[in-house]
Amino acid sequence: MFTASAPGRVNLIGEHIDYNGGMVLPAALAIGLEVDLEPRAGDVVTIRADHYEEAAKRQMDESANGHWSDPALGAVLQARSMGLLSGGADLAIRSTIPEGSGLSSSAALIVAILKAARAAGADGNRPDPSDTEIAVAARAVENDFMGVPCGIMDQMAVALAAPGTAMALNTKTLTHSIVDLPRSHGVVVVHSGRTRRLTDGRYAALKEECDTAKAHFGTDDLCLLDPAEIARSNLAEPYRRRAYHCATEHRRVLSAIAALQAQDIPALGRAMNDSHISMRDDFEMSLPAIDTLVADACELGAKGARLTGGGFGGCIVAVVDKTRQDAWLSQLLDRHSGARFIGAV
């Protein structure tokens, strides 16, 4: 049996720009998942998970069908295509990442399975795939098998980042650097109580709108366009606003990286707050309940707060003075009975 793990991730800033040529700033969380993988002959994949009472039994010739086991089946298929497995597998999954939270449970699962398969398929006659190659392969599972047109941020973060640090990632080149998180402030993740799935179509619709904007400007990198050029363009709505979010969000990420490096918490907070406004107004990926949660987080003392993840539900992330974190969290949850604390970085 081969065991591997991967953390959940929270994105401090840089939403929906990892497929538009931008910089992102994810951080690994202490919560995560662990996978036991036992290779088996034949074309059957059995999947047991601690969140589900019944095990799944899938055939290798099946397509994704919206079942919770789709990411696991896709990961085994990908491992076979990489030469890491020759048959099927028995999988046992233990997770502390809430599903539908926007904390990359599917990316963590796929990466963990691929890492376990890497160990199972270790061959002294060939080099093992690197963690970056594992991340790229995991993205292919979501894009090609599951039909989720996501970028590379989640997979890179859960494959390479360590809890307590953030990854400044250039999603175009995959170059990255590790940035220390604030010493005086905690990065707190709170679930809104609203769940969502990336496969429900709204994520794909936003991706398609960005593709329309790319075609208009003749570029694959909306993030690198001048926001002023976008603002004065004749591109129709909502495509202009989608492009404007991408270009301005990229610049907010650069500001946030500089703020972290200088330990300038007010500047980091401003970038996060402006990011949420852009996600709400220009990218239209928030919900009124989440907007209220973010506003209350700031009113109660967070230096910055924003929706994190693919949108339409899931979690917010806030930067809070560590000396006030417990009191702040208690007051916030008192105002929002459906919300719950996920963790702090």
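Above this text you will find the structure in question.
The structure presented is a predicted model; accordingly, all values stated were derived computationally and were not measured.

Asks: Looking at this structure, I do not really get the overall build of the chain. What am I missing?
Replies: The helix and strand tally for the chain stands at ten helices and eleven strands. A compact globule built from 345 residues would reach a C-alpha radius of gyration of about 20 Å, and the chain, at 20 Å, matches this within 12%. Considering only C-alpha atoms, the chain reaches an extent of 55 × 50 × 35 Å along its principal axes. Scored against the burial criterion, the 345 residues of the chain give a buried share of 58%. Partitioning the intrachain contacts of the chain with sequence separation of at least 6 by distance along the chain shows that 70% fall at a separation of at least 24. Of the accessible surface of the chain, which amounts to about 13600 Å², a share of 47% is contributed by carbon and sulfur atoms. Distance from the positive charge centre (33 side chains) to the negative charge centre (43 side chains) of the chain: 3 Å.

Asks: What is the right way to read unusual backbone geometry from this model?
Replies: Residues apart from glycine generally show negative phi values, whereas peptide bonds are mostly found in trans. Note the cis peptide between Glu 237 and Pro 238, where omega equals 5 degrees. Take Pro 238: it is sitting in the loop between helix 6 (227–231) and helix 7 (239–261). With phi around 60 degrees, His 16 is a residue other than glycine that occupies positive phi space. On the secondary structure map, His 16 appears in the loop between strand 1 (2–13) and strand 2 (23–40). Using a relative accessible area of 4% as the deciding quantity, one classes His 16 as buried. Look at Phe 312: it is not a glycine, yet its phi comes out positive at around 65 degrees. As for its position among the elements, Phe 312 is in the loop between strand 9 (304–308) and strand 10 (315–321). A relative accessible area of 13% means that Phe 312 is categorised as buried.

Asks: Whenever I open this one, the pattern of salt bridges confuses me. Can you help?
Replies: When charged atoms on two side chains of opposite charge get close, those side chains can pair. Across all of its chains, the model carries 22 salt bridges by this definition. For Arg 240, the salt bridge identified is with Glu 237, shortest N-O distance 2.7 Å. Residue classification places Glu 237 among the partly exposed positions, given a relative accessible area of 37%. Bridged by salt links that share partners, the residues Glu 209, Glu 237, Arg 240, Arg 241, Arg 242 and Glu 284 form one connected network.

Asks: I tried to follow the nonpolar core on my own but got confused; where do I start?
Replies: Generally speaking, a soluble globular protein has its nonpolar side chains buried in company with each other. Ranked by size, the top nonpolar core spans 117 residues in total, and within it Leu 25, Leu 91, Leu 103, Ile 113 and Trp 328 carry the most contacts. Contacts of Leu 25, omitting those with residues within four sequence positions, involve Asn 11, Leu 12, Ile 13, Ala 166, Met 167, Ala 168, Val 253, Ala 256, Ile 257 and Leu 260.

Asks: Which parts of the structure should I look at to understand the sheet that holds strand 8 (residues 185–191)?
Replies: Pairing between the strands of a sheet comes from backbone hydrogen bonds, and it takes one of two forms, parallel or antiparallel. In spatial order, the strands read 9-10-8-11; together these four strands make up an open sheet with antiparallel pairing. Of all strands in the sheet, those bounded by a partner on one side alone are strand 9 and strand 11 (340–344). The mean inter-strand angle of the sheet, taken between neighbouring strand axes irrespective of direction, is 25 degrees. Across the face of the sheet, helix 9 (residues 288–299) comes into contact with strand 9 and strand 10 while running at roughly 160 degrees to strand 9.

Asks: Please clarify how the pairing of strand 7 (residues 176–180) should be interpreted in this entry.
Replies: Put simply, side chains in a regular strand alternate between the two faces of the sheet. With five bridges connecting them, strand 6 (residues 165–170) and strand 7 associate as antiparallel partners. Counterpart to Met 167 in the pairing with strand 7 is Ile 178. Joining the antiparallel neighbours strand 6 and strand 7 is a turn of five residues, in which Leu 174 adopts a positive phi near 65 degrees.

Asks: I'm lost on helix 9 in this one. Help?
Replies: Here helix 9 contains twelve residues, and its C-alpha end-to-end distance of 16 Å stays within 8% of the 16 Å for a straight helix at 1.5 Å per residue. For helix 9, the complete set of buried residues consists of Ile 290, Asp 291, Leu 293, Val 294, Asp 296 and Ala 297.

Asks: Hey, could you run me through the side chain of Asp 282 in this one?
Replies: Here Asp 282 is to be found in the loop between helix 8 (265–281) and helix 9. Aside from chain neighbours lying at most four places away, what touches Asp 282 is Arg 241, Arg 242, Tyr 244, His 245 and Ile 277.

Asks: Even after reading the chapter, I still don't get the packing of helix 8 against helix 9, so can you show me in this structure?
Replies: Geometry of a packed helix pair, given as the angle between the helix axes and the separation of the axes. Look at helix 8 against helix 9: their axes get within 12 Å of each other, and the N-to-C directions meet at 165 degrees. Classified by the angle their axes make, helix 8 and helix 9 are roughly antiparallel. Pair helix 8 / helix 9 crosses with left-handed handedness. Across the interface between the two elements, Asn 273, His 276 and Arg 280 from helix 8 touch Ile 290, Asp 291, Val 294 and Cys 298 from helix 9. Across the contact of helix 8 with helix 9, the residue classes tally to three nonpolar, two polar and two charged.

Asks: I tried to follow the side chain of Gln 325 on my own but got confused; where do I start?
Replies: You can see Gln 325 is positioned in helix 10 (residues 325–335). Look at Gln 325 and you get buried, because its relative accessible area is 15%.

Asks: Could you clarify how one ought to interpret the environment of Ala 119 in this entry?
Replies: Looking at the secondary structure, you find Ala 119 in helix 2 (residues 105–120). Residue class for Ala 119 comes out partly exposed when judged on its relative accessible area of 39%. Each C-alpha atom of the pair Ala 119 and Met 1 lies 9.7 Å from the other, and the pair is 118 residues apart in sequence.

Asks: What exactly am I supposed to notice about the packing of aromatic side chains here?
Replies: For any pair of aromatic rings, the description consists of the separation of the ring centres together with the inter-plane angle of the planes. Inspection of every chain in the model, using the stated rule, returns two aromatic pairs. When the ring of Tyr 52 is compared with that of Trp 68, the centres are 4.3 Å apart and the planes differ by 5 degrees; the resulting orientation is stacked. Of the two residues, Tyr 52 sits in the loop between strand 3 (44–49) and strand 4 (56–59) while Trp 68 sits in the loop between strand 4 and helix 1 (70–81), which places them 16 residues apart along the sequence. With relative accessibility at 18%, the residue Trp 68 sits in the buried group. The cationic tip of Arg 242 hangs over the ring face of Phe 283; the distance from NZ or CZ to the ring centre is 5.9 Å.

The rules behind these values
Residues numbered from 1 in each chain as written. Predicted model: local features only at pLDDT ≥ 70, side-chain atom pairs only at ≥ 80, totals over all residues. Heavy atoms only, no water. Helix = DSSP H or I, 4+ residues; strand = E, 2+ residues; numbered from the N terminus. Rg over C-alpha atoms; globule rule 2.2 N^0.38 Å. Buried < 20%, exposed > 50% of the residue type's maximum accessible area, 1.4 Å probe, protein only. Contact = heavy atoms within 4.5 Å. Areas by Shrake-Rupley, 256 points an atom, 1.4 Å probe, with all protein chains shown as cover. Lys, Arg positive; Asp, Glu negative; His and termini not counted. Charge placed at Lys NZ, Arg CZ, Asp CG, Glu CD. Salt bridge = Lys/Arg side-chain N within 4 Å of Asp/Glu carboxyl O. Core = buried A, V, L, I, M, F, W, Y, C linked by side-chain atoms within 4.5 Å. Pairing = 2+ DSSP bridges. Axes fitted to C-alpha atoms, helices over the stretch in contact; angles between N-to-C directions. Expected span 1.5 Å × (residues − 1). Parallel < 35°, antiparallel > 145°, perpendicular 65-115°, else oblique. Left-handed = near helix turned anticlockwise from the far one by under 90°. Nonpolar A, V, L, I, M, F, W, Y, C, P; charged D, E, K, R; others polar. Phe/Tyr/Trp six-rings, centres within 6.5 Å; stacked < 30°, edge-to-face > 60°. Lys NZ or Arg CZ within 6 Å of the ring centre and 35° of its normal.

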